[in-house]
Structures are given as C-alpha cells and as structure tokens.
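# Structural features, examined
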Amino acid sequence: MAKICFINAYETSYLGTRILASYMLAKGHEVHGILLESGEYISIEEPLEGHEGYQSYSRGVLMVNRATQYKIGQDDTDLLARILQAEAPDVIGFSARSTNNWLIPVLVPVCKAAVPSALLVAGGFGPTLEPELYLDGGFHCVIRGDGEEALAGLMDCVEEEKRTRRPNEQKYSVCNTVWFYRGGYIKNTMSPQEKNLSKYGEPLHGHRHFSFIKNGVMYRYYDPEVNGGIYFTYFGRGCIGHCTYCSGGQWSSLYKDDGAKVYKRRNRDVNEVVEELKKMPEKPQHIWFVDEYFGLSREKTLEFCKLYKKHIGKTFFCYINYDYMLEHEDVFYSLVDAGLVGTGVGFQTGSEKFAREQYHRQLKNSHLLEFAKLCFETNLFTGIHLIGGNCYETEEVFQDTVDLIRKLPFSIEDPWRMPLENIRLRPHPKTPITFLSPKVVTRAI
Ligand code: B12
Ligand code: SF4
C-alpha cells in the first residue's frame, strides 16, 4: 500500500480527483484530498486585464474567479505544510487546469519542504498540455490525459519501492507519464482510453477523506460538498464539438497522435448514476451534472428520467443537445418532469459566420433561439452564453449579436430567468484559436 495526497486549488467540485481517489482506494492505496481555497466567482468593480480563470458579466455584475482576488498566501501554505506533514504521503498529486499554472512556484517548495521524500506528480488539463512547464518547475512526473490507469501504475511502483527500499526504474516507463530524467525528458506513449467508466467507481465524498483550507483557516477532515447546496457528478466524459477556444479537443489529439484508442464520448451506466445519487449526502438539494452536454440516447434518457424521478427527485442542472431536444421534445419534457431546472445555451455570438470561422461552431442561431424559447416557456433557468472581447469582431458582428439578444424571450416579472452571461475570451495555451487568430490572445494563462 502507498499513500497519495491530492491537492486541488480554486476548484468547484474536484470531480477528477474525487474519481481518482475512489480508484486508488479500490486498488488498496491510501488517499487524502487537500482542497485549497474555493472556485466561486466574486464581483469586481472594474474590468481586469490580469485575471485568473474566466471574467464574466452577468445580471449586471462583473465577476472573476476567486483566484484573481484571493491569492494563496503564507497562512495557507503553512497550513498546507502542516497537513502534508501529518499525512506523510508517498506521492503528492497536484490537479491543475492551465489557469492554475501560476501555482507551480507557490506549491512546489512547500511540498518539497514538508515531505522531502514524496514523489511530486501533476495531472489535469494544465500539466497535460504543458508537461515541461511542470517538470521544469520542480514536479518529478506529469501524467497526461485520463489519470486513472497511469496513477495506479505509478502507485504500484512506489509501493514496490517502499517494500524493497530500492528505486524502481519501471516507473519511468508507465504509459501517459512524462519525466525529466538523466538530463532529458521521457515522454511515454498514451495508453488507450478505458471505455467502461464503471471501472473507476463513483466520485469519493466524505469528511474523513478531505481537508479544506480557505482564507487562512484549516478545516481538517472536512468535505465542503457534503455540507454544500450542490452535489456534482457526471453521466460521462467527452464531447463531439471542436470549439477553437476549448482545450477538450487537445485531449483527444494526444491519444490520436500516439495511435491510441480515444472515445468521442463515454457514458456511464444509468443505473449506476442513480445508485450513486441514492447514497449522496443529505444536505445538497440540487445536483449538477458537469458533462459538456447530456449525451445519453433517447432510451437511456427516458430510463434515467423514470429512475431519477422515482428514487432521487431533487432538482438538477445539465447542458443538453439543442437540436436533439427540438427533434425529440418528449425527451426534453421528461427531463423537466424528472427535475431539470437549469441549463445553458451557447450562442457565443449573434453571427453564425463569425461563430463558424472563429470558433468552429456550426450551430444555427434559429435553432438555438427556438430551443431558448422552449426553455423559457418551461420556466427553466437558462444562461445565454456569449463570448466578449474578441478583437476580430467587427461592428457588423456586434450588431448581429445585439439583434439576437433582442429576439430572446424576456419577462419583466422574472428578469433573471434567462440571463446573458458574457464571458471574456481568454484562450488557454495552444488551443486552436491561438493559432487561428493569434492577436486574440491578450495574455497567456
Ligand atoms: C464540467 C467542467 C467544469 C465544471 C466543474 C469542473 C470540475 N470537474 O471540477 C465547472 C463549471 C465548475 C468548471 C469550472 C472551471 N473550468 Co471547466 N470544464 C468542465 C468540463 C466541461 C468537464 C470537466 C470534467 O469534469 N471532466 C471529467 C473529469 C473526470 O476529468 P478531469 O477533471 O479532467 O480529471 C481527469 C484528468 O484530467 C486527470 N487528472 C485531473 N487531476 C489530476 C491530478 C493528478 C495528480 C493526476 C495524476 C491526474 C489528474 O485524471 C482525471 C480522471 O481521468 C471541461 C471540458 C472537458 N472536455 O473536459 C472544462 C474545462 C476542464 N474547464 C476549463 C476551465 C478553464 C475552467 C475554469 C478555470 C473556468 C473559470 N471558472 O475560470 C474553472 C475551473 C476551476 C478551477 N479553478 O480550476 C477548461 C480547462 C482548460 C485548460 N487548458 O486548463 C476546460 C477544458 C474547458 C475549456 N474551455 O477548455 N468546469
Ligand atoms: S466548449 Fe464545450 S462544446 Fe465546445 S468543444 Fe469544448 S466541451 Fe465541447
């Protein structure tokens, strides 16, 4: 048995590490999750050029990810060090999106000083897309892509090292791992993606598995989701879109480049999702399915709705496939009947041409509008997503967007039923739009 401590920072749901944690426990390893700060949006007065994560304007309020205003400080890192020393893990696993890259020099010295013998591993979108950044910053290893199999392989090597008290060179060849070793980078090939997500189990919850640090205060053995209002989970992974500002497409390219099998979309078994929800903590009264979109077939969706209504009955949020729902309105109404109360519609711009050329989105605004009206009439809370701040946008494109907004339904009695959410374009490293329209990048994040 080996022990891993995961570190997440400024996150909302920590879904990736919750799943990894479940899988490591099932493999017989020990796990503890350290949650540094939280990922909520906070309001600001003036637009900020330098912001971590998204900056958005919605319901009359300008907002940024908390990481912009509340930087992790000495108080927080002292507490982090205390937890790490107490847990004494063999491996420390940092989970990061590119928006967390700035934390590399903050966290590495703390981890190394607290547990000098621990192997420092990084995973998630940030390290996957720029492994060298993390290795040069002091991490021993980066795991690219889906983390489950690679981390399990690595933990087994570490366990072997503990048992034999000898270095185990096999760790340097575990699939998906990247190392800086003997003066050069070792980039191991990607292993095929696992199709059956059941293998990885449910996201781990429970106070005993987590510690939370916020505002310089430590909540030892505390899982914020257990006492929060929302429970986060997922139906599956992957997306069929190719939006140029999204890092999702780069994920599948990694596998394709190595000739490894990758799935556009993998769904979990519907019964399994319902069984997980039956066991969810009592306090959260709302469920958020974090999938990019609801990708279940008609039969599976109807089956889910029936089971969900019977056994769970709480309200839920998810993104759904607009065209599909317009063609199969009965499926849409079943979801609403089961508890769907919120969703979003990604217009991004009022100009279909601009959406096609800049963002590689092929959707028809007339369909999106029809779907938005359907949501409105059904009383769903529906965020209308728009992208702001693209310097290639012309006056004509702007006018098209204004015209589109005028066509959206609106109720004076219930003005926030369909709020506009204008999110500033701030492409992540190496996303297609950074090559397509290089000027669009105002600051690398
Ligand atoms: C749902 C979602 C959200 C949800 C919930 C996220 C969550 N899971 O906690 C919400 C809306 C809250 C959200 C918030 C944000 N998101 Co988001 N989100 C997604 C989405 C659609 C799915 C993510 C998901 O849950 N996947 C399923 C889980 C299981 O996968 P995973 O978390 O990636 O974890 C796996 C691997 O990454 C890896 N792994 C992860 N951590 C670790 C750690 C170690 C040690 C190891 C070994 C492996 C490992 O193993 C895991 C299991 O296989 C993706 C798009 C996509 N296609 O993935 C964008 C995406 C991940 N989000 C993105 C961003 C930028 C954000 C925000 C920063 C935006 C903001 N608010 O400013 C915040 C992040 C908060 C933060 N500070 O980090 C970007 C990341 C881009 C990048 N280059 O980093 C993505 C790719 C979308 C995009 N526009 O490109 N997001
Ligand atoms: S932005 Fe959303 S729809 Fe577009 S490719 Fe990324 S995950 Fe898919």
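Residues numbered from 1 in each chain as written. Chains lettered and ligands numbered in written order. Predicted model: local features only at pLDDT ≥ 70, side-chain atom pairs only at ≥ 80, totals over all residues. Heavy atoms only, no water.

### A short note on the site of ligand 1
In plain terms, the rule: In this text, near means that some heavy atom of the residue lies within 4 Å of the molecule or strand in question. Whenever two N or O atoms come within 3.5 Å, that pair is a polar contact, provided that in protein one can donate a hydrogen and the other can accept it, and provided that, for residues adjacent in sequence, both atoms are side-chain atoms. Only DSSP runs of H or I covering at least 4 residues are called helices, and only runs of E covering at least 2 are called strands; the numbering of each starts at the N terminus. Residue classes follow a fixed rule: Ala, Val, Leu, Ile, Met, Phe, Trp, Tyr, Cys and Pro count as nonpolar, while Asp, Glu, Lys and Arg count as charged, and any other residue, Gly among them, counts as polar. The domain boundaries here were taken from an automatic or database domain assignment.
Lining the immediate surroundings of ligand 1 are 39 residues, of which Tyr 10, Ser 13, Tyr 54, Ser 98 and Glu 292 lie closest. In the environment of ligand 1, an oxygen atom lies 2.7 Å from a nitrogen or oxygen atom belonging to the backbone of Ser 247. Broken down by element, the residue count for the shell around ligand 1 peaks at four residues, all from helix H1 (residues 15-26). The residue makeup of the shell around ligand 1, split by class, is 16 nonpolar, 17 polar and six charged. Each of domain 1 (3-37 + 72-187) and domain 2 (230-436) gives at least three residues to the shell around ligand 1.

### Some remarks on the coordination of the cobalt atom of ligand 1
Keep this limit in mind: Only N, O and S atoms count as donors, using a 2.8 Å limit from the metal and a wider 3.2 Å limit for Na, K and Ca, and since water is excluded some coordination spheres may look unfilled.
A lone protein donor binds the cobalt atom of ligand 1: Arg 97 (NH1), at 2.8 Å. You can see Arg 97 is positioned in the loop between strand E6 (91-95) and helix H3 (104-114).

### Here's the deal with empty space enclosed by the protein
Let me state the cut-off plainly: Here a cavity denotes grid points, spaced 1 Å and computed from the protein atoms alone, that fit a 1.4 Å probe unable to get out, and a pocket denotes an open set having protein on both sides within 12 Å along at least 5 of 7 lines; residues with an atom within 4 Å of a point are the lining. Grid points are joined across faces, edges and corners, and a volume is the space filled by probe spheres set on the points.
Taken as a whole and judged by the stated rule, the model has three cavities of 30 Å³ or more. Roughly 70 Å³ of internal volume is contained in the largest cavity. Across the lining of the largest cavity, the residue classes tally to four nonpolar, three polar and four charged. Of the pockets and cavities examined, the second largest cavity occupies roughly 40 Å³. Gly 346, Phe 347, Ala 355, Arg 361, Leu 363, Asn 365 and Leu 368 together form the lining of the second largest cavity. For the lining of the second largest cavity, the secondary structure elements donating two or more residues are strand E18 (340-348) and helix H14 (365-377).

### Quick word on the pairing of strand E11 (residues 210-214)
Test applied: Only protein chains enter the accessibility calculation, which uses a 1.4 Å probe; a residue whose area is less than 20% of its type maximum is buried, one above 50% is exposed, and one in between is partly exposed. Here, any two strands with at least 2 DSSP bridges between them count as paired.
Most of E11 sits inside the fold, with five of its five residues counted as buried. Residues Phe 210, Phe 212 and Lys 214 of E11 are buried on one face, and the alternating residues Ser 211 and Ile 213, pointing to the opposite face, are buried as well. By the bridge criterion, four bridges tie strand E2 (residues 30-36) to E11 in an arrangement that is parallel. Across the sheet, residue Ile 34 finds its bridge partner in E11, namely Ser 211.

### Examining the nonpolar core
Our working definition: Within this scheme, the nonpolar core is defined by two criteria: the residues are buried Ala, Val, Leu, Ile, Met, Phe, Trp, Tyr or Cys, and they are joined through side-chain atoms within 4.5 Å. Only heavy atoms matter for contacts: two residues are in contact if any of them lie within 4.5 Å across the pair.
Formed by 43 residues in total, the largest nonpolar core has its most connected members in Phe 289, Phe 304, Phe 316 and Phe 371. Residue assignment for this core shows that the elements contributing at least two residues are helix H9 (270-278), strand E16 (286-289), helix H10 (298-311), helix H11 (322-327), helix H12 (329-338), E18, H14 and strand E19 (381-388). If you tally residues by element for this core, the top one is H14, at seven residues. Setting aside its immediate chain neighbours within four residues, Phe 371 contacts Ile 320, Tyr 322, Met 325, Leu 326, Phe 332 and Val 345.

### Some words on the sheet that holds strand E7 (residues 119-123)
Selection criterion: Working convention: axes come from line fits to C-alpha atoms, limited for helices to the stretch in contact. Angles between N-to-C directions cover 0 to 180 degrees.
Read across the open sheet, the nine strands follow the order E10-E9-E8-E7-E6-E1-E2-E11-E12; overall the sheet is mixed. Single-partner strands in this sheet number two, and they are strand E10 (184-187) and strand E12 (217-219). Neighbour-to-neighbour, the strand axes of this sheet turn through a mean angle of 20°, independent of strand direction. Of the pairings in the sheet, the one linking strand E8 (residues 141-143) to strand E9 (residues 177-181) comprises three bridges and is antiparallel in character. Within E9, the position partnered with Val 142 by the bridge is Val 178. Here H1 sits on the sheet and contacts strand E1 (3-9), E2, E6 and E11; the angle it forms with E1, its principal contact strand, is near 175°.

### Some words on unusual backbone geometry
Look at Tyr 10: it is not a glycine, yet its phi comes out positive at around 50°. As for its placement among the helices and strands, Tyr 10 is situated in the loop between E1 and H1. Phi angles above zero are rare outside glycine, and Arg 182 is one such case at about 50°. In this fold, Arg 182 is placed in the loop between E9 and E10.

### Observations concerning the domain arrangement of the protein chain
Keep this limit in mind: For any pair of parts, buried area is found by adding up, for both, the accessible area (1.4 Å probe) each one loses once the two are put together. What counts as a salt bridge is simple: a side-chain nitrogen of Lys or Arg found within 4 Å of a carboxyl oxygen of Asp or Glu.
Split into domains, the protein chain comes out as domain 1 (3-37 + 72-187) and domain 2 (230-436). Relative to domain 2, the C-alpha centre of domain 1 lies at a distance of 31 Å. Domain 1 puts 16 residues into the contact, and the matching count from domain 2 is 16 residues. For the pair domain 1 and domain 2, the two sides together bury roughly 1400 Å², of which 65% comes from carbon and sulfur. Our count for the domain 1 to domain 2 interface comes out at four salt bridges. Between Arg 237 and Glu 148 there is a salt bridge whose closest N-O contact spans 2.8 Å. Our count for the contact surface shared by domain 1 and domain 2 stands at five residue pairs in polar contact (both at pLDDT 80 or more). Mapped onto the side of domain 1 that touches domain 2, the elements with two or more residues apiece are H1 and helix H4 (125-129). Tallying contributions element by element places H4 first for the side of domain 1 that touches domain 2, with three residues. Looking at the side of domain 1 that touches domain 2 residue by residue, the classes come out as four nonpolar, eight polar and four charged.

### A look at the site of ligand 2
What surrounds ligand 2 is the set Cys 239, Gly 241, His 242, Cys 243, Tyr 245, Cys 246 and Glu 292. Tallied by class, the residues present in the shell around ligand 2 amount to four nonpolar, two polar and one charged.

### Notes on the sheet that holds strand E20 (residues 420-424)
Reading across from one edge, E3-E5-E4-E20-E19-E18-E17-E16-E13 is the order of the nine strands in this open sheet, with mixed pairing throughout. On the outer flanks of this sheet lie strand E3 (41-44) and strand E13 (230-233), each paired with one strand and no other. On average, adjacent strands in this sheet sit at an angle of 25° to one another, irrespective of strand direction. Where E19 meets E20, five bridges bridge the pair, whose relative direction is parallel. From the neighbouring strand, Leu 386 faces E20, where its bridge partner is Asn 422.

### Looking at the packing of H10 against H12
Here is the rule we go by: In these notes the angle categories are as follows: under 35 degrees is roughly parallel, over 145 is roughly antiparallel, 65 to 115 is roughly perpendicular, and the rest is oblique. Note: crossing handedness is left-handed where the near helix turns anticlockwise from the far helix by less than a right angle, and right-handed where it turns clockwise.
At a closest axis distance of 9 Å, the pairing of H10 and H12 adopts a crossing angle of 20°. Taken together, the axis directions place H10 and H12 in an arrangement best described as roughly parallel. When the axes of H10 and H12 are compared, the crossing they make is left-handed. Taken together, the residues of H12 that come into contact with H10 (itself represented by Arg 298, Thr 301, Leu 302, Cys 305, Tyr 308 and Lys 309) are Asp 330, Val 331, Ser 334, Leu 335, Asp 337 and Ala 338. For the contact of H10 with H12, the per-class residue count stands at six nonpolar, two polar and four charged.

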